[in-house]
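Take a look at the letters that make up each chain.
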Amino acid sequence: MALPTLPPLVFDAPWFLVAAVLLPLAVWSLRRARATQRERRLGRFAESSALARLVTGADDGEQGRTWRLTAVVCLIGIALAGPRWGLTRGPMTARGIDMALALDASLSMMAPDERPSRLERMKQEVRRLRAMSQADRIALIAFAGRSYILTPLTGDDGALELFLDNLDPSIVGQAGSSLARAIRQGTELLLASDGSADRALVVMSDGESFDLPEDVEAAAAEAGSKRVSLVTVGFGTTRGSSIPVRDGSVVSEKRDDEGNVVITRYTPDLLQKAATAANGTFIDAEVSDKASRIRGALRALRTARRQVDAREDHVPRFFWVLLPALLLLAWDTWLFVRRPRRTVRAQSARPGAAPVVSVPALLLVALVPVTLLGCHQTPDPAALFAEGRVAEAIAAYRALVAEGDTTARTSYNLGTAVLGADSLKEAAERLEQVRRASDGEVRFRARFNAGLAALEMARTPGNADRDNQLAAARAAYRALLSDRPGDADAQWNDVLALRKSPPQGGGGGGGGGGGNAQQQQEQEQPQGQGGLDQTQAEALLNSAAREERDVQGRKQRQSRVPPGGKDW
C-alpha cells in the first residue's frame, strides 16, 4: 500500500530558521547562567545537602520553565520564517510586458522531423513561455500565406489555451507562408495597445517562407524602429521531412503540382536576417530550452505592474506554529503568577518593591494583538459575489474604489456586481466607461455585460426607451461577434435583441421587403416571457453558422493557392 504524500513545505523567509535555533540556545544559556548564579549565592549560607532539604521543588520548577521558554522562542522563530503548505488559488500582483506571439500555422509545420510535429513542439514552447510570464499580456497571431489575430493582448489563460489547442493549418484562409505579413500585423497590434510596458514580438516558424528577403527585412526593420523587440525562433531540422496530409482516415504525403513528394526543411536564413534587421534575437531550432532563451532575451524590457487573475500558491500556515507558542507562553505566565504566597508576600513586603510583573505576560500582551491583526484579512469581493452575497460584494468593491483602486478590472467587477443586483442603469453606465478605457479581455467582457444590461432594461415592462436600448444591445453584440464570431453567448443575446426589435421600414439592399415581412410574421406569433424558445434560437444560430461557414469556405477556395503556387 502506497504511503500518503505529504504536502510540500516552503518558507517565505527561510533565513529566520536560524533564529529558531539561535534563540532557544540563547534562552537556554541565560537560564543556565541564572541558575548557576542562584546556586552560588545560596551556597554561601548552607551546603548543597542542606539546601536540598530546605528548598524543595525549586530546581524542578526552574528547569520546567527553561524548557517552556525555549520551546516558545523556537516556535516563534519558525513562525517568523513564514511556513506554507497546501495549495490554493488567489490573486497576485506582478510585473510584465506586452508580447505578441506570431505562430506559423502553415502546412509545413505538420512535418514530423520534430516529434510529434513542429506545430506541437511550438505549442509546448508557448505553454512553457506562458508559465514563465504570468503577468505578461499576450496576443496570439496565426499566419500562413496571410496572418490572422486570434486574440488581442490579454492575460486570460483560458482564452489563450483555447486558441492554442485549436491552432492548425485549417484555421488559416490562405496557404503558404509569409513572415513579412506576420511581422507587420504583430507590430501594428502591439502599437495599437495602450500601456506603459515595453512591447515584444516573438515569431515562431520553420523559416520556410516564400517572401522576398527584402520584404522580411523591411518589415523587421520597421518593427525595430518603432521600439518593438523582435525575437525569431526556429523549429524543424535541416534534413527536412515530408508533410503528412490527412483525408478522412487516409494519411498520405504532400505532393506538388508535378506529383513529386514535397520535402520541407528548416531554413534559418530569413529568421536570422529578420532578427538582425530589427536588432533583435534569433533562437536556433537546435536550442532545446527555447522558452527560457526567449525570457532571457526580453528580461531587460520595461515592465508594468498588473494584477493576475489567479495562481496556485502555498497557503500561509504561520498561525498554526504561533498558536502553540502563545498557549505555552500563557501557561508559563499562569504558573508564574500562582507561585507560593510567601514568596510573593516576601517580595512585596520589601520597602519600595514594585509589583511583580511577568516578562512572558508582557510578551503575551504584545504578541496577541499583533497576531490577530496579522491574521485579519479583508473579505474578497469576488468570493462574496460567488457566494450570492451581492450587496456585500458591491460594498466591498465600492470600498476599493474609495481607497483609490480605479483599475479597469475593479471597475468592471463593480459594474458586474451592480448588474447582478438589478441596478441596470448604473451597471450599463459603469460598464460602458470600462469598455472605453480598457482593452483585451476586460473590454470584451465589459461590452458583453453592457449589452446584457441594455437588453434587460429593454425587457422591462412599460419602458419608454425600449427601442434605443435594444439598438444599443444589438450594437454591442454585433461588435463582439465581429471580434469573436463563434461566441455562442453573444450570438444568443444578439438573436434575442433582434427578436424583440421592432420591424424597420425600407430594405437592406438585395433583400427587398422580405426581411421585414418575416419579422412582422415572427412578431405576430405568440411569445412567452423569455422571447425565443430554445428550438427557435438554435435554428437561427445554426442557419447563421452555416451561412458563415459557406462564406469562409468560398473565400478559402478563392485564395487557396498563394502567389508562386506553393501552398505549404
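Sequence positions are assigned chain by chain, starting from 1 and proceeding in written order. In keeping with the predicted nature of the model, local features appear solely for residues at pLDDT of at least 70, side-chain atom pairs appear and are counted solely at 80 or more, and the whole-chain, interface and lining totals rest on all residues. Side-chain descriptors were evaluated using all non-hydrogen atoms of the structure, hydrogens and water having been removed beforehand.

Observations concerning unusual backbone geometry
Only a minority of non-glycine residues have a phi that is not negative, and only a minority of peptide bonds are not trans. Under the convention used in this document: Only DSSP runs of H or I covering at least 4 residues are called helices, and only runs of E covering at least 2 are called strands; the numbering of each starts at the N terminus. Here's how the labels work: a residue is buried when its accessible area is under 20% of the maximum for its type, exposed when over 50%, partly exposed in between, all with a 1.4 Å probe on protein chains only.
Cis geometry is adopted by the peptide bond preceding Pro 116, which originates at Arg 115 and carries an omega value of -5 degrees. You can see Pro 116 is positioned in the loop between strand E3 (98-104) and helix H4 (118-132). The backbone of Arg 227 shows a phi angle near 65 degrees, a positive value even though the residue is not glycine. Mapped onto the fold, Arg 227 is located in the loop between helix H7 (213-225) and strand E7 (228-234). Take Arg 227: its relative accessible area is 67%, and that puts it in the exposed class. The phi torsion at Asn 279 lies on the positive side, around 55 degrees, for a residue other than glycine. Tracing the backbone through its elements, the reader meets Asn 279 in the loop between helix H8 (268-277) and strand E12 (281-283).

Let's talk about the pairing of E7
Short version of the rule: Two strands qualify as a pair provided that DSSP identifies no fewer than 2 bridges between them.
E7 sits mainly inside the fold: 6 of its 7 residues count as buried. Bridge count between strand E6 (residues 199-205) and E7: 7 bridges; the pairing is parallel. Bridge pairing in E7 links Val 202 to Val 231. Both E7 and E12 contribute to a ladder of 3 bridges, which runs parallel. Pairing of Val 233 across the sheet is with Ile 283, part of E12.

Points about the packing of aromatic side chains
Note the cut-off: Stacked, edge-to-face and tilted labels apply to pairs of Phe, Tyr and Trp rings (six-membered ring for Trp) whose centres lie within 6.5 Å, assigned for plane angles under 30 degrees, over 60, and everything in between, in that order. A ring is considered to have a charge above it if a Lys NZ or an Arg CZ atom is located within 6 Å of its centre and within 35 degrees of its normal.
What the rule picks out here adds up to 1 aromatic pair. Above the face of the Trp 331 ring, Arg 68 is positioned so that its terminal group lies 5.3 Å from the ring centre. Sitting over the face of the ring of Phe 235, Lys 290 holds its NZ or CZ atom 5.0 Å from the ring centroid.

So, the sheet that holds E7
As a reminder, the rule being used: Angular values range over 0 to 180 degrees, each being the angle between N-to-C directions of two axes fitted as lines to C-alpha atoms, with helices fitted over their stretch in contact. The contact criterion used is simple: two residues touch if any of their non-hydrogen atoms lie within 4.5 Å.
With respect to topology, 6 strands assemble into an open sheet ordered E5-E4-E3-E6-E7-E12, the strand pairing being mixed. Two strands bound the open sheet, and with one partner strand each, they are strand E5 (147-154) and E12. Geometrically, the sheet is characterised by an average inter-axis angle of 15 degrees between neighbouring strands, direction not taken into account. Helix H5 (residues 157-165) contacts E3, strand E4 (137-143) and E5 of the sheet and is inclined by roughly 160 degrees relative to E5.

Let's talk about the confidence of the model for the chain
Where we set the bar: What pLDDT expresses is the predictor's confidence in each residue, scored from 0 to 100.
Averaged over the chain, the pLDDT score is 76; the fraction of residues at 70 or greater is 73%. Below pLDDT 50 for its whole length, residues 504-537 participates in 32 contacts with residues either more than four positions away or in separate chains. The model gives residues 551-561 a pLDDT under 50, and that stretch makes 8 contacts with residues more than four places away or in other chains.

Brief notes about the pairing of strand E9 (residues 244-247)
The pairing of E9 with strand E10 (residues 250-253) spans 4 bridges and is antiparallel. By the bridge assignment, Pro 244 is partnered in E10 with Glu 253.

Quick word on the nonpolar core
Quick note on the threshold: Throughout, nonpolar core names a set of buried Ala, Val, Leu, Ile, Met, Phe, Trp, Tyr and Cys residues whose side chains join them through atoms within 4.5 Å.
Grouped together as the largest cluster of nonpolar side chains are 31 residues, with contacts concentrated most on Leu 101, Leu 103, Val 202, Met 204, Ile 294 and Leu 298. Taken together, the elements giving at least two residues each to this core come down to E3, H4, E4, H5, E6, E7 and helix H9 (290-297). With 4 residues, the single largest contributor to this core is H4. Apart from the residues within four sequence positions on either side, Leu 101 is in contact with Val 126, Leu 129, Ile 138, Ala 139, Leu 140, Ile 141 and Val 202.

Quick look at the pattern of salt bridges
Here is the rule: Salt bridges, as used here, are contacts in which a Lys or Arg side-chain nitrogen is within 4 Å of a carboxyl oxygen on Asp or Glu.
Summed over all chains, the structure comprises 19 salt bridges. The salt bridge partner of Arg 84 is Asp 12, with a shortest N-O separation of 2.6 Å. In this pair, Arg 84 is assigned in strand E2 (residues 83-96) and Asp 12 in the loop between strand E1 (9-11) and helix H1 (17-42), connecting sequence segments 72 residues apart. We classify Arg 84 as buried; its relative accessible area is 18%. The partner of Arg 137 in a salt bridge is Asp 98, with the nearest N and O atoms 2.9 Å apart. One end of the pair, Arg 137, is in strand E4; the other, Asp 98, is in strand E3, and 39 residues separate them in sequence. Neither residue differs from the other here; Arg 137 and Asp 98 are each classed as buried. Three or more residues joined by partner-sharing salt bridges are found here, namely Glu 114, Arg 121, Glu 125, Arg 128 and Asp 289.

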